[in-house]
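Here is what each chain is made of, one letter per residue.
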Amino acid sequence: MTNDIMTKLPTFGRINHMKLINQIWSWIFAAGLTFYRFLQRQMTKLWWKVLVVILIFYTLIAGFLLGVPAKAILNETIRNLYFHVPMWMAMLSVFVMSVFYSIKYLYKGDQKDDMAAVECVNTGLFFYALGLLTGMLWARFTWGEFWSGDPKQNSAAIAFLLYCAYVVLRNSIDEEQKSAKIAAIYNIFAFPIMIVLIFVLPRMTDSLHPGSGGNPAFGKYDLDGRMRAVFYPAMLGWSFLAVWIATIRYRIRLIEYKKNDIN
Amino acid sequence: MKKVTVLLLLVMSFVSAFAQQTQAPVDMAEELYKSGKIYVVVLTIAIIFAGLAIYLFSIDRRLKKIEKEK
């Protein structure tokens, strides 16, 4: 740290503000680190996985048995909200994790962080594909075609290729550390591009998707309390299911890595 | 006066416009619910997800065993 410059800063009365700011920052950092270590320890624990399964079971059952608003064109497919949208939430939560681990890898160079980032992307790609497929099926019966050139559909397809390029990039470079570093940088760029493509651009133009192009989102008039009671748990449950799958994949990769190291 | 009356009549013509309130009833899956067949749907999906959950738990347990050995 540039401590010499810090001492030359003006002190107001007897208080050196820089010291205070540094102190506050180190407290925040320590709190964050403690929380992160706590999360790390939970990776192999069972309790949250059981909760996830219970949550998803609840949404599967309540999703079909609870009442829904009767909307034209949608009819009963409005229940797809409990399944199609959580796929995207799952993908998002796991991609956010991958960006975090990519940044962490660039910072520390620990190969384990890179493995975490890859497996998060792999899991995210799986849920991405599920989101695209379920969306296409829903579109076929509500918009008339599997693919109607809807801006969000197109954007989602482009961003999917973006993340496939991440996988291709990794496999194209032989040297492990170089591959990890370049892939980490690519991941950090790919994530905001994906966010803009899927969540920002479609809202600014004509679109069939609820919430885009001046359409009301599934909101005040379409999503009543009965649906919220299933929708929010579904978003949570599937997100953490994706996290669980990512941790499993990471643990497998870690064991393989350690085995190869010994050999 | 005549112009005002005509204008008033035209303006009040909204009383016959009911585009928003009366909707054609929306087809929902009434039979599926009344016949109780919806429970078949629910059970099918529950069985599929139960299978997936058991699979995930078993992988998790195997991994924990291997990790403990190391």
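Residues numbered from 1 in each chain as written. Chains lettered and ligands numbered in written order. Predicted model: local features only at pLDDT ≥ 70, side-chain atom pairs only at ≥ 80, totals over all residues. Heavy atoms only, no water.

Caption draft 1: Summary view of the overall build of chain B. Scanning chain B for helices and strands turns up three helices and zero strands. Its helices and strands taken in sequence order, chain B reads α-α-α from the N to the C terminus. The C-alpha atoms of chain B give a radius of gyration of 32 Å, which is well past the 11 Å a tight globule of 70 residues would have. Structurally, chain B occupies a C-alpha span of about 100 × 35 × 10 Å along its principal axes. Within chain B, the proportion of its 70 residues that are buried is 14%. Each charge class in chain B was averaged separately, 10 positive and 6 negative side chains, and the resulting centres sit 6 Å apart. (Helix = DSSP H or I, 4+ residues; strand = E, 2+ residues; numbered from the N terminus. Rg over C-alpha atoms; globule rule 2.2 N^0.38 Å. Buried < 20%, exposed > 50% of the residue type's maximum accessible area, 1.4 Å probe, protein only. Lys, Arg positive; Asp, Glu negative; His and termini not counted. Charge placed at Lys NZ, Arg CZ, Asp CG, Glu CD.)

Caption draft 2: Representation of helix 5 (residues 111-142) of chain A in the model. End to end, helix 5 of chain A covers 46 Å across 32 residues, agreeing with the expected 46 Å (1.5 Å per residue, within 8%). Just beyond helix 5 of chain A, the residue with positive phi is Gly144(A), at close to 100 degrees. (Expected span 1.5 Å × (residues − 1).)

Caption draft 3: Representation of the UniProt feature "transmembrane region" (unreviewed entry) in chain A. Residues and elements named next belong to chain A. Here the UniProt-annotated "transmembrane region" (unreviewed entry) positions come out as residues 20-39, 46-69, 81-103, 124-143, 155-173, 185-202 and 230-250. Within residues 46-69, the helical portion is 79% and the strand portion 0%, while the C-alpha atoms at the span's ends are 37 Å from each other. Measuring from the first to the last C-alpha atom of residues 230-250 gives 30 Å, for a span that is 100% helix and 0% strand. (UniProt positions renumbered as here; feature names shortened; annotations may be inferred.)

Caption draft 4: Spotlight on the UniProt feature "domain: Cytochrome c assembly protein" (unreviewed entry) in chain A. UniProt's entry tags residues 25-201 of chain A with the feature "domain: Cytochrome c assembly protein" (unreviewed entry), counted in the numbering of this structure. The span residues 25-201 of chain A is 80% helical and 0% strand by assignment, and the distance between its end C-alpha atoms comes to 36 Å.

Caption draft 5: Structural view of the UniProt feature "transmembrane region" (unreviewed entry) in chain B. Taken from the UniProt record, the annotation "transmembrane region" (unreviewed entry) applies to residues 38-58 of chain B. Segment residues 38-58 of chain B splits into 100% helix and 0% strand. End C-alpha atoms: 30 Å apart.

Caption draft 6: Looking closely at the pattern of salt bridges. Using the criterion set out here, one finds nine salt bridges over all chains in the structure. Salt-bridge contacts for Asp114(A) lead to Arg170(A); the nearest nitrogen and oxygen are separated by 2.5 Å. Taken together, the residues span a long stretch of sequence, with Asp114(A) in helix 5 and Arg170(A) in helix 6 (residues 151-172) at a distance of 56 residues. Given the relative accessible area of 3%, Asp114(A) is considered buried. We classify Arg170(A) as buried; its relative accessible area is 12%. Here Glu119(A) ties to Arg249(A) by a salt bridge, and the two come within 2.6 Å at their closest N and O atoms. Pair noted here: Glu119(A) is in helix 5 and Arg249(A) is in helix 8 (residues 225-262), with a separation of 130 residues, a long-range link. Each of Lys49(A), Arg251(A), Asp60(B) and Glu67(B) takes part in salt bridges that share partners, so that together they form one network. (Salt bridge = Lys/Arg side-chain N within 4 Å of Asp/Glu carboxyl O.)

Caption draft 7: Representation of a nonpolar patch on the surface in the model. Together, Leu20(A), Ile24(A), Trp25(A), Trp27(A), Ile28(A), Phe29(A) and Leu33(A) give the surface a local cluster of nonpolar side chains, amounting to about 750 Å² of exposed area. Within the secondary structure layout, Leu20(A) lies in helix 2 (residues 17-42). (Patch = residues over 30% accessible without salt bridge, like charges linked within 9 Å, V, L, I, M, F, W, Y side chains within 5 Å. Areas by Shrake-Rupley, 256 points an atom, 1.4 Å probe, with all protein chains shown as cover.)

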